[in-house]
Amino acid sequence: MSSELLVDVGDDSATAQLGQLKLTTIEDQQWPADESFLSKSDVSQQFDASSPHLPWDHPFYDIARHQIIEVAGDDNFGRKVIVFNACRMPPQHQLDHHKLLMYLKGTLDQYVESDYTLIYFHHGLTSENKPSLSWLLDAYREFDRKYKKNIKALYIVHPTMFVKTLLILFKPIISFKFGRKINYVSYLSELEDVVKCDQLVIPSRVREYDNKLRASLKPTTQPPMSPPHSQVFGVPLMLLRQRDPDGDPVPVVMRDTVGFLSEQGLEIEGIFRRSANVTLVKEVLLRYNSGATVNFREMEDVHLAAVILKTFLRELPEPLLTYQLYNDIVNFASVSSESQVTVMKTLVESLPEENYASLRYLITFLAQVSANSEVNKMTNSNLAVVFGPNLLWGRDNAMSLSAIGPINNFTRTLLDQQHLVFA
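Trainee: What should I look at first to understand the overall build of the protein in this one?
Mentor: In terms of helices and strands, the protein carries 21 helices and 5 strands. Here the protein, with 423 residues, has 52% of them falling under the buried criterion. The contacts of the protein with a sequence gap of at least 6 include a subset with a gap of at least 24, amounting to 79%. As displayed, the protein has an accessible area near 19700 Å², and 51% of this comes from carbon and sulfur atoms.

Trainee: Even after reading the chapter, I still don't get the sheet that holds strand β3 (residues 116-121), so can you show me in this structure?
Mentor: In sheet architecture, strand pairing relies on hydrogen bonds along the backbone and comes in two forms, parallel and antiparallel. Read from one edge to the other, the open sheet built from 5 strands follows the order β1-β2-β3-β4-β5, with strand pairing classed as mixed. Two strands lie at the open edges of the sheet, namely β1 (69-74) and β5 (182-185), each paired on one side alone. Adjacent strand axes in the sheet meet at a mean angle of 20° when their direction is disregarded.

Trainee: What exactly am I supposed to notice about helix α17 (residues 353-371) here?
Mentor: The terminal C-alpha atoms of α17, which comprises 19 residues, lie 27 Å apart, in line with the 27 Å expected from a rise of 1.5 Å per residue. Listed as buried for α17 are E354, N355, Y356, A357, S358, L359, L362, I363, F365, L366, V369 and S370.

Trainee: Would you mind showing me how to read the environment of F60 here?
Mentor: Assignment of secondary structure puts F60 in the loop between α2 (40-46) and α3 (61-64). Taking the C-alpha atoms as reference points, F60 and Y103, 43 residues apart in sequence, are found 6.8 Å from one another.

Trainee: Please explain the pattern of salt bridges as it appears in this structure.
Mentor: Should the charged atoms of two oppositely charged side chains come close, the side chains can pair. Summed over all chains, the structure comprises 15 salt bridges. Shared partners join several salt bridges into a network, and the residues in it are D115, K152 and R274.

Trainee: Would you mind showing me how to read the nonpolar core here?
Mentor: One broad rule of soluble globular proteins: the nonpolar side chains tend to lie buried together. By size, the foremost hydrophobic cluster in this structure holds 65 residues, and its most contacted members are F272, I308, F312 and F387. Top contributing element to this core by residue count: helix α14 (residues 302-314), with 9 residues. If we skip the residues at most four places from it in the chain, I308 touches F233, V253, T257, V281, V284, L285, Y288 and F296. Counting residues in hydrophobic clusters, the runner-up holds 38 residues, among them I69, L101, F178 and I404.

Trainee: Would you explain the packing of aromatic side chains in this entry?
Mentor: Any pair of aromatic rings gets described here by the distance separating the centres and the angle formed by the planes. Considering all chains together, one arrives at 9 aromatic pairs under this definition. The structure contains a cluster of three or more aromatic residues connected by ring pairs, namely F233, Y288 and F312. The ring centre of W393 lies 4.2 Å from the NZ or CZ of R314, which sits over that ring.

Trainee: Hey, could you run me through the environment of H93 in this one?
Mentor: Inspection of the secondary structure puts H93 in the loop between β2 (80-85) and α4 (97-109). Considered as a pair, H93 and E128 are 35 residues apart in the sequence and their alpha carbons are 9.0 Å apart.

Trainee: Could you clarify how one ought to interpret the packing of helix α11 (residues 252-264) against α14 in this entry?
Mentor: Two quantities define a packed helix pair, namely the angle between the axes and the distance from one axis to the other. Here α11 crosses α14 at 145°, and the two axes come no closer than 9 Å. When you trace α11 past α14, the crossing you get is left-handed. Across from V253, M254, T257, V258, F260, L261 and Q264 in α11, the residues of α14 making contact are V302, A305, A306, I308, L309, F312 and L313. The residue inventory of the contact of α11 with α14, partitioned by class, reads 12 nonpolar, 2 polar and no charged.

About the cut-offs
Residues numbered from 1 in each chain as written. Predicted model: local features only at pLDDT ≥ 70, side-chain atom pairs only at ≥ 80, totals over all residues. Heavy atoms only, no water. Helix = DSSP H or I, 4+ residues; strand = E, 2+ residues; numbered from the N terminus. Buried < 20%, exposed > 50% of the residue type's maximum accessible area, 1.4 Å probe, protein only. Contact = heavy atoms within 4.5 Å. Areas by Shrake-Rupley, 256 points an atom, 1.4 Å probe, with all protein chains shown as cover. Pairing = 2+ DSSP bridges. Axes fitted to C-alpha atoms, helices over the stretch in contact; angles between N-to-C directions. Expected span 1.5 Å × (residues − 1). Salt bridge = Lys/Arg side-chain N within 4 Å of Asp/Glu carboxyl O. Core = buried A, V, L, I, M, F, W, Y, C linked by side-chain atoms within 4.5 Å. Phe/Tyr/Trp six-rings, centres within 6.5 Å; stacked < 30°, edge-to-face > 60°. Lys NZ or Arg CZ within 6 Å of the ring centre and 35° of its normal. Left-handed = near helix turned anticlockwise from the far one by under 90°. Nonpolar A, V, L, I, M, F, W, Y, C, P; charged D, E, K, R; others polar.

Encoded structure:
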């Protein structure tokens, strides 16, 4: 990866080059069939709460159906991941770019109070679907300090001379601090240092393009392969319990982090909303995966423990709330308020023993955090936004806006009623 802009041209030259750049080859301009071009009645009949599409009468339906913007849980350092897929942008005349910008801001509004990462898949941007230069300029200016303050990194995957020239053109208005957050990613495998690619719904066109790039390299310059599955992170809860000397259903990572945070983190403002030192995160992951003991009291960093806890939950091969409960939880809003506690109690008690014990352990701790919300600013609603996507996701891993709300609402209700649900 590189965050350096290697080409430097004057404003006039860059503007002239920008209009002449060949973005992609002809074969890349073949637009995939869009099953969303249906009549309103067809769409309403096919819509399901677990679908990545919003209902047809939603004000952003015509934007959301293209799946240009997605949310993919947390990265390796506990930051929310927002993905922008250029190849899914339809031709200019079929897309309201102002509405696209509002949709992106609406997505980010849910996470800008926390640290977050933006991943931009550039492959598939063509002369037919690229937005105008004036729109890009307006878009950058539209994103005020609220959006830029907590973005920790912008990864541009498969950058071309077009995007590099564009960034140089914008250099006079891009702050030095923001410019340092921009990273070029040449191959998908490089993203593994940042986020597990398995949790990203990477468009097939992007994967195919990446395979072509890799195939064109000499064997000595092939990018590194993805690391093997870890011994602790990414391991099923049942297996972790079998390995535990005492057969404890709550994994050691959760016991370590929650134990430390219960002592040191309850009064820390913004706990679970900040990222941690990247080097320390990698060191702790390595120590856990090598079987070494981790003592967070020696490190005295509550944000490190918070990130490790969220990372452990997100890297489970199946979410803590399980795929089996996905539809029930996404549709939970349809349950009457009088029946919600009973239904929720039934759902969580249907979980495997390890999942139930770990969920109860976590929610009991988060209730302690919320009880100190006047100091730490982490109410049940704020905790739900942070932990909802780490407790449940669909089998394709990405989180659509149509599912995020229901999952977060279920998590908030679980926190509100935890004393009754786990009674």
